[in-house]
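Now for the letters of each chain:
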Amino acid sequence: MSPSFDVVELATTYANKSAQDILKLAFAEFGDDLWISFSGAEDVVLVDMAWKLNKNVKVFSLDTGRLHPETYRFIDQVREHYKIDIELVSPDYTKLEPFVKEKGLFSFYKDGHGECCGIRKIEPLRRKLSDVPAWATGQRRDQSPGTRSAVAVLEIDTAFSTPERTLYKFNPLAQMTSEEVWGYIRMLELPYNSLHERGFISIGCEPCTRPVLPNQHEREGRWWWEEATQKECGLHAGNIISKSKA
């Protein structure tokens, strides 16, 4: 990383630049050490852009063990389409097994999704990012008005950095709308999760995701049984932290 890598200044400079330009910056600074987070939904746009800039792009996806069959098939479709490896990161069984033994497989309907997401998503992601200098996500500002409306194109990841190591986070698609994402997918005939054809927009684990009704926001299909206004599982906890400081 160059000595002139000033996150605040670069975030301002690149705020209105294209997703490709933001990825070019990320690869210029971190090269093959940049990891792309692929969630198994329309993050295929991020993978497509990154792959076209760097055929050695590194991609990972969190396998919670509770994804839809369609999502697992989609991951393999993307793997085959780009001829790339997609590293699947799984929960630590020494934490998962006692949790399931004590609370069963559907405790989140009673006591909220936080604990389950912590074991199935946050701990595996923290483990994955522990020796990664930078990662890129498919976060968009229009995904969740409550927590993502101010997502920066580049930031220090306050959720997963440590006192010993600063983690840099790129959000190249921050400015793209859902309409623009789907225009890109259709124009280039990219693979996509077949659940989108059945009314699913924001896709997570099978028990915690459902289709949305017309005019409902995509985030209303996630953790619908909760009255939460900040629907984040913790992967992008920095959004909530930043919002609370505003």
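Relevant structure appears above.
Here the structure is a predicted model, which means the values were calculated and not measured.

Caption draft 1: Structural context of the pairing of strand 2 (residues 58-62). Of all 5 residues making up strand 2, 4 are buried, and the element is well covered by its neighbours. As paired strands, strand 1 (residues 34-37) and strand 2 are joined by 3 bridges and run parallel to one another. For I36, the partnering residue across the bridge sits in strand 2 and is V59. Taking the sense of rotation as the criterion, the β-α-β connection linking strand 1, helix 3 (residues 44-53) and strand 2 turns out right-handed. Two strands pair when backbone bridges link them, and strand 2 and strand 3 (residues 86-89) are joined in this way by 4 bridges, in the parallel orientation. Bridge pairing links L62 to V89 in strand 3. What joins strand 2 to strand 3 is helix 4 (residues 69-82), and the crossover it makes is right-handed.

Caption draft 2: A look at the packing of helix 3 against helix 8 (residues 178-188). Where helix 3 contacts helix 8, the axes come no closer than 10 Å and their chain directions differ by 60°. Taken together, the axes of helix 3 and helix 8 lie oblique to each other. The two elements helix 3 and helix 8 meet at a crossing, and its hand is left-handed. Contact residues: helix 3 offers V44, V45, D48, M49 and K52, while helix 8 offers V181, Y184, I185 and L188. Considering only residue class, the contact of helix 3 with helix 8 consists of 7 nonpolar, no polar and 2 charged.

Caption draft 3: Seen up close, the nonpolar core. The biggest cluster of nonpolar side chains holds 44 residues, and the ones touching the most others in it are L34, I36, F38, V44, L154 and F170. Those elements that provide at least two residues to this core are helix 1 (7-13), helix 2 (19-30), strand 1, helix 3, helix 4, strand 4 (134-136), strand 6 (168-170) and helix 8. Per element, the largest residue contribution to this core is 7 residues, and it comes from helix 2. The residues touching L34, leaving out its near neighbours within four places in the chain, are A26, F27, K58, A134, W135, A136 and F170. Counting residues in each nonpolar core, the second largest holds 12 residues, with W35, V89, L129 and V132 among its members.

The rules behind each value
Residues numbered from 1 in each chain as written. Predicted model: local features only at pLDDT ≥ 70, side-chain atom pairs only at ≥ 80, totals over all residues. Heavy atoms only, no water. Buried < 20%, exposed > 50% of the residue type's maximum accessible area, 1.4 Å probe, protein only. Helix = DSSP H or I, 4+ residues; strand = E, 2+ residues; numbered from the N terminus. Pairing = 2+ DSSP bridges. Right-handed = clockwise from strand over helix to strand, strands pointing away. Axes fitted to C-alpha atoms, helices over the stretch in contact; angles between N-to-C directions. Parallel < 35°, antiparallel > 145°, perpendicular 65-115°, else oblique. Left-handed = near helix turned anticlockwise from the far one by under 90°. Contact = heavy atoms within 4.5 Å. Nonpolar A, V, L, I, M, F, W, Y, C, P; charged D, E, K, R; others polar. Core = buried A, V, L, I, M, F, W, Y, C linked by side-chain atoms within 4.5 Å.

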